[in-house]
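# Summary of the model geometry
Listed below are the residues making up each chain.
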Amino acid sequence: MLKLYGYWRSSAAYRVRIVLNLKGLAYQHMPVHLVRDGGEQHGQAYQALNPQGLVPLLVDEENGDVRIAQSLAIIEYLEEIFPVPAILPADPVARAQVRALALHLACDVHPLNNLRVLQYLSRELGVDDAAKNAWYRHWVAAGLAAIEQGLAIYGDGFSLGTRPGYLEACLIPQVYNARRFDCDLDAYPRILALAARCEALDAFRHAAPEAQPDAQ
């Protein structure tokens, strides 16, 4: 039994849900509300599971009750434990190219616009909503511009040729967030085309935030 602790709008949990679906793995959704009562991730019960106090957290009960935090570590773990179907290319160069783009999204773009960063801007620094949203859009635009160029090598396909994988799992949550905050995406036709191809697939539709049982 796999258990995924997450929040419906968490980008990091979203990318793990996509990978679980792409691999056809059944899992139990364990909601952790990041806003209610100051954030359940800060509570004693969740801190006992994950001292980082972040989502997602994967618990693999079939493999000795293993606990894995951090979305990319979870994704890599799933790829190693459940290698078929693969979400990374077999060729080392292609695999590194996918990882480079995915890491740019997950490590350079996402941390600058995640919930706790935006909350700090508002609550601790007194940044108003207009300035906060300008901050968000600036970093999203800078990040997606680089991804748009990087996607050129894939043409009209996916990172795995005829199917999506690791890269798409990291990209689609950021596209979702960009739309949510009314970012102008017209300058990124490759990203929009790839997002449309992904969003037509069940693995992505079922992983979408609004499809989660804790969606509000």
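Numbers given for residues are sequential positions, taken from 1 along each chain in its written order. The model is predicted, so local features are restricted to residues of pLDDT at least 70 and side-chain atom pairs to those at 80 or more, both for listing and for counting; the totals for chains, interfaces and linings are taken over all residues. Hydrogens are left out, water is left out, and the side-chain values use all remaining heavy atoms of the structure.

Per an unreviewed UniProt entry, the recorded name for the protein is Maleylacetoacetate isomerase, and the organism is Pseudomonas fulva. UniProt positions are given in the numbering used here, feature names are shortened, and annotations may be inferred rather than shown by experiment. According to UniProt, the comment filed for the protein under the heading Sequence similarities (unreviewed entry) is "Belongs to the GST superfamily. Zeta family."

Here the focus is the overall build of the protein. Starting at the N terminus, helices and strands are each numbered in turn, a helix being any DSSP run of H or I of at least four residues and a strand any DSSP run of E of at least two. Helix and strand content of the protein: nine helices and four strands. Reading the protein from its N end, one meets helices and strands in the order β-α-β-α-β-β-α-α-α-α-α-α-α. Atoms counted for the radius of gyration: C-alpha only. Globule rule: 2.2 Å times residue count to the power 0.38. Its C-alpha radius of gyration of 17 Å places the protein within 12% of the 17 Å reference for a compact globule of 216 residues. Judged by the C-alpha coordinates and their principal axes, the protein covers about 45 × 45 × 30 Å. In this scheme, a residue with accessible area under 20% of its type's maximum is buried, one over 50% is exposed, and one in between is partly exposed, where area comes from a 1.4 Å probe on protein chains only. Counting across all 216 residues of the protein, residues that qualify as buried make up 48%. Restricting to contacts in the protein with at least 6 residues of sequence separation, those with at least 24 account for 65%. Pairs of residues are marked as contacts when any of their non-hydrogen atoms sit within 4.5 Å.

A few words on the sheet that holds strand β3 (residues 57-60). On the basis of which strands lie adjacent, the open sheet formed by four strands has the order β2-β1-β3-β4 and mixed pairing. Two strands in the sheet have a free side with no partner beyond their single neighbour: β2 (28-31) and β4 (66-69). Neighbouring strand axes in the sheet, compared pairwise and without regard to direction, differ in orientation by 20 degrees on average. Its contacts with the sheet place helix α3 (residues 71-81) against β1 (2-6), β3 and β4, and it is angled at close to 130 degrees to β4. Should DSSP find at least two bridges between two strands, the strands are regarded as paired. Throughout, an axis means a line fitted to C-alpha atoms (over the contacting stretch in the case of helices), and angles, computed between N-to-C directions, take values from 0 to 180 degrees.

This part covers the pattern of salt bridges. The working definition used for a salt bridge is a side-chain nitrogen of Lys or Arg within 4 Å of a carboxyl oxygen of Asp or Glu. Here the structure, examined in full by the defined rule, presents seven salt bridges. Note that Lys3 and Glu61 form a salt bridge whose closest N and O atoms lie 3.0 Å from each other. With a gap of 58 residues between them, Lys3 in strand β1 and Glu61 in the loop between β3 and β4 connect regions that are remote in the sequence. By relative accessible area, which is 18% here, Lys3 ends up buried. Judged by relative accessible area, Glu61 falls into the partly exposed class, the value being 37%.

Take the side chain of Lys3 next. Polar contacts, as counted here, are pairs of nitrogen or oxygen atoms within 3.5 Å of one another; within protein the pair requires one atom able to donate a hydrogen and one able to accept it, and residues that are adjacent in sequence qualify only if both atoms are side-chain atoms. A distance of 3.0 Å separates a polar atom in the side chain of Lys3 from a polar atom in the side chain of Glu61. In this structure Lys3 touches Gln28, Met30, Leu57, Leu58, Val59 and Glu61, once residues within four positions along its chain are discounted.

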